[in-house]
Amino acid sequence: MDNNLFNNIEKKTGVNMKDVLELANSVQHANFKDEKTVRSIVKRVSRIANKPVPKQMEDKIVNSIVSGDQKLDFGTIAKMLNKK
């Protein structure tokens, strides 16, 4: 991919693209029915985005994903984080 594109995204968002790509690679084969796995992913996304997630919100996100009510992608998690 184009390094200039990544640099521009990093400047605008403050999010390290290396961290995002590592996270994306780690979730490709993750078991989204496993609460521990999903909780770990939610915490990583929160840390990467520098957006703390209260325990109650984390529980809601995890339960929603594990139960199959929500798919796990950055957009879904971002929407849930913004509802707090």
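Nothing here was measured: the structure is a model prediction, and the numbers come from that model. (Residues numbered from 1 in each chain as written. Predicted model: local features only at pLDDT ≥ 70, side-chain atom pairs only at ≥ 80, totals over all residues. Heavy atoms only, no water.)

### Observations regarding the pattern of salt bridges
Quick reminder of the rule: For salt bridges, the criterion is a side-chain nitrogen of Lys or Arg within 4 Å of an Asp or Glu carboxyl oxygen. Secondary structure elements are taken from DSSP: a helix is a run of H or I of four residues or more, a strand is a run of E of two residues or more, and numbering for both begins at the N terminus. Relative accessible area decides the class of each residue, using a 1.4 Å probe on protein chains only: under 20% of the type maximum gives buried, over 50% gives exposed, and in between gives partly exposed.
Per the counting criterion, the structure on display carries six salt bridges. A salt bridge links R39 to E58; its shortest N-O distance comes to 2.7 Å. Here the residue R39 occupies a position in helix α3 (residues 35–49), and E58 occupies one in helix α4 (residues 55–66), the gap between them amounting to 19 residues. The residues R39 and E58 share a single accessibility class, namely buried. Here R39 ties to D59 by a salt bridge, and the two come within 2.9 Å at their closest N and O atoms.

### A few points about the confidence of the model for the protein
What counts, and what does not: Confidence scores here are pLDDT values: one per residue, from the predictor, ranging 0 to 100.
The pLDDT averaged across the protein works out to 81; a share of 81% of its residues lies at or above 70. Within the protein, the element-level pLDDT minimum falls on helix α5 (residues 74–82), averaging 65, and the maximum on α4, averaging 90.

### Observations regarding the nonpolar core
Quick note on the threshold: Only buried residues count toward a nonpolar core. Its members are Ala, Val, Leu, Ile, Met, Phe, Trp, Tyr and Cys residues joined through side-chain atoms within 4.5 Å. The contact rule is simple, with two residues in contact once any of their heavy atoms fall within 4.5 Å.
F6, V15, M17, V20, L23, V27, I41, V45 and I48 together form the largest nonpolar core, which totals nine residues. Those elements giving two or more residues to this core turn out to be α2 (17–27) and α3. No other element matches α2, which puts four residues into this core. With residues near it in sequence (within four places) discarded, M17 still touches F6, I9 and E10.

### Some words on the environment of V62
For V62, the location among the structural elements is in helix α4. For the pair V62 and F32, spaced 30 residues apart in sequence, the C-alpha separation works out to 9.3 Å. Beyond its immediate sequence surroundings of up to four residues, V62 is in contact with E35, V38, R39 and V42.

### Digging into the packing of α2 against α3
Our working rule: An axis is simply a line fitted to the C-alpha atoms; with a helix, the fit covers only the stretch in contact. Between two such axes, the angle follows the N-to-C directions and lies from 0 to 180 degrees. Roughly parallel means an angle under 35 degrees; roughly antiparallel, over 145; roughly perpendicular, 65 to 115; everything else is oblique. By the convention adopted, Pro, Cys, Tyr, Trp, Phe, Met, Ile, Leu, Val and Ala count as nonpolar, Lys, Arg, Asp and Glu as charged, and the other residues, Gly among them, as polar.
As a packed pair, α2 and α3 sit with axes 11 Å apart at the nearest point and diverge in direction by 170°. With respect to each other, α2 and α3 are oriented roughly antiparallel. Contacts between α2 and α3 pair D19, V20, E22, L23, S26 and V27 from the former with I41, R44, V45 and I48 from the latter. Looking at the contact of α2 with α3 residue by residue, the classes come out as six nonpolar, one polar and three charged.

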